[in-house]
Structure formats: C-alpha cells, structure tokens
Amino acid sequence: VQLQASGGGLVQAGGSLRLSCAASGRTFSSYVMGWFRQAPGKEREFVAAISWNGGSTYYADSVKGRFTISRDNAKNTVYLQMNSLKREDTAVYYCAAGSILRLGVRPRDYNYWGQGTLVTVSS
C-alpha cells in the first residue's frame, strides 16, 4: 500500500489543523493505521493509532484530549484532527499502515509509511 500525507502547514499556537493520509490499494480497511511525528534532532514518536474499523483508538499522553484520529475506509483515508496546538507539536508528521492485530506504538510495528507532512506551530 502507498500512503500520501497532506494537510500540514504553519499555524499559531492554540490553532487547529487536520492532516489527511490517502492510501492506495483495496486492502486499506485491513490495516491498523497510525500517526507518528519527528521533530528536528529527535526520534520518531508515536502520536495516535486506529483499528481497522475505527472502533478502537489509542493516543500518546502528550496529545490525548487535543488530537483525534479517524478513518474513512470508503475513501481509503485516515485523518488526524489536531486542536489546541502547542509549539512542541512542531514536527514532520507521518502516517503508517500496519498488518498487526493490535494498535502498535512502535515504528517497527508498521509496514508502510507515507512521506511526511510538516506542521509548524508558532507562538
């Protein structure tokens, strides 16, 4: 499966952005989908994950209550709604697809990766 992330940009602290990740292929609905981010000089970190049918989600503590992951299997797309953005949310955001039975939080849990979209939060 090929993944294409979009929706990043420059936003002021306290603002909102919605990221999208469009997937190719007919098996999108069979994958767990995740969002990760990587800030300059830091390791890639888990942000959120969603089960194949959207029934289960999991979030990093740092974004819980502010970010929402969702998916539309009819459109082969996963979303990340980001509200109340903080400067520390600045990073390149990556979507990923995993052939796993649980909501993975490690990059190695995922088989396919998008190219990343840059989110910059200014004060």
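Our structure is the block above this text.
Notes on the structure follow. All figures in this text were calculated on a predicted structure; none of them were measured in a lab.

Another point: the side chain of Asp89. Here Asp89 is to be found in the loop between strand 8 (77–82) and strand 9 (91–98). Relative accessible area serves as the criterion here: at 0%, Asp89 is assigned to the buried category. The contacts of Asp89, once residues within four sequence positions are left out, are Arg37, Arg66, Phe67, Ser84, Val119 and Val121.

Further remarks concern the sheet that holds strand 3 (residues 17–23). Strand order in the open sheet formed by four strands is 1-3-8-7, with antiparallel pairing between adjacent strands. Sheet topology places strand 1 (3–6) and strand 7 (67–72) at the edges, where each strand pairs with a single neighbour. Going from strand to strand, the sheet's axes swing by 15° on average, the running direction of each strand aside. Sheet analysis places strand 3 next to strand 8, joined by six bridges and oriented antiparallel. Opposite Cys21, over in strand 8, you have Val78 as the bridge partner.

With respect to the helices and strands, Arg37 occurs in strand 4 (residues 32–38). In this structure, the C-alpha to C-alpha distance between Arg37 and Val92, residues 55 residues apart in sequence, is 5.4 Å. Look past the residues within four positions of Arg37 in its chain and what remains in contact with it is Glu43, Arg44, Glu45, Val47, Ser62, Val63, Phe67, Glu88, Asp89, Ala91, Val92 and Tyr93. At 2.6 Å, the side chain of Arg37 and the side chain of Glu45 are in polar contact. One polar contact links Arg37 to Tyr93, side chain to side chain, over a distance of 2.9 Å.

The subject of this paragraph is the state of the cysteines. Overall, the coordinates contain one disulfide when judged by the stated rule. A sulfur-sulfur distance of 2.1 Å marks the disulfide that ties Cys21 to Cys95. Given an S-S torsion of about 60°, the disulfide between Cys21 and Cys95 has right-handed geometry. Within this pair, whereas Cys21 is found in strand 3, its partner Cys95 is found in strand 9, the two being separated by 74 residues in sequence. With relative accessibility at 0%, the residue Cys21 sits in the buried group.

Another point: the pairing of strand 5 (residues 45–50). With five of six residues buried, strand 5 is to be regarded as a mostly interior element. Two strands pair when backbone bridges link them, and strand 4 and strand 5 are joined in this way by five bridges, in the antiparallel orientation. In the strand pairing of strand 5, Arg37 is matched with Glu45. Counting the residues between successive antiparallel strands, the hairpin from strand 4 to strand 5 contains six residues, one of them, Gly41, with a positive phi of roughly 80°. Here strand 5 pairs with strand 6 (residues 57–59) via three bridges, running antiparallel. Directly across from Ala49, in strand 6, lies its bridge partner Tyr58. Counting the residues between successive antiparallel strands, the hairpin from strand 5 to strand 6 contains six residues, one of them, Gly54, with a positive phi of roughly 80°.

Criteria and cut-off values
- Residues numbered from 1 in each chain as written.
- Predicted model: local features only at pLDDT ≥ 70, side-chain atom pairs only at ≥ 80, totals over all residues.
- Heavy atoms only, no water.
- Helix = DSSP H or I, 4+ residues; strand = E, 2+ residues; numbered from the N terminus.
- Buried < 20%, exposed > 50% of the residue type's maximum accessible area, 1.4 Å probe, protein only.
- Contact = heavy atoms within 4.5 Å.
- Pairing = 2+ DSSP bridges.
- Axes fitted to C-alpha atoms, helices over the stretch in contact; angles between N-to-C directions.
- Polar contact = N/O pair within 3.5 Å; in protein donor to acceptor, adjacent residues only side chain to side chain.
- Disulfide = S-S within 2.5 Å.

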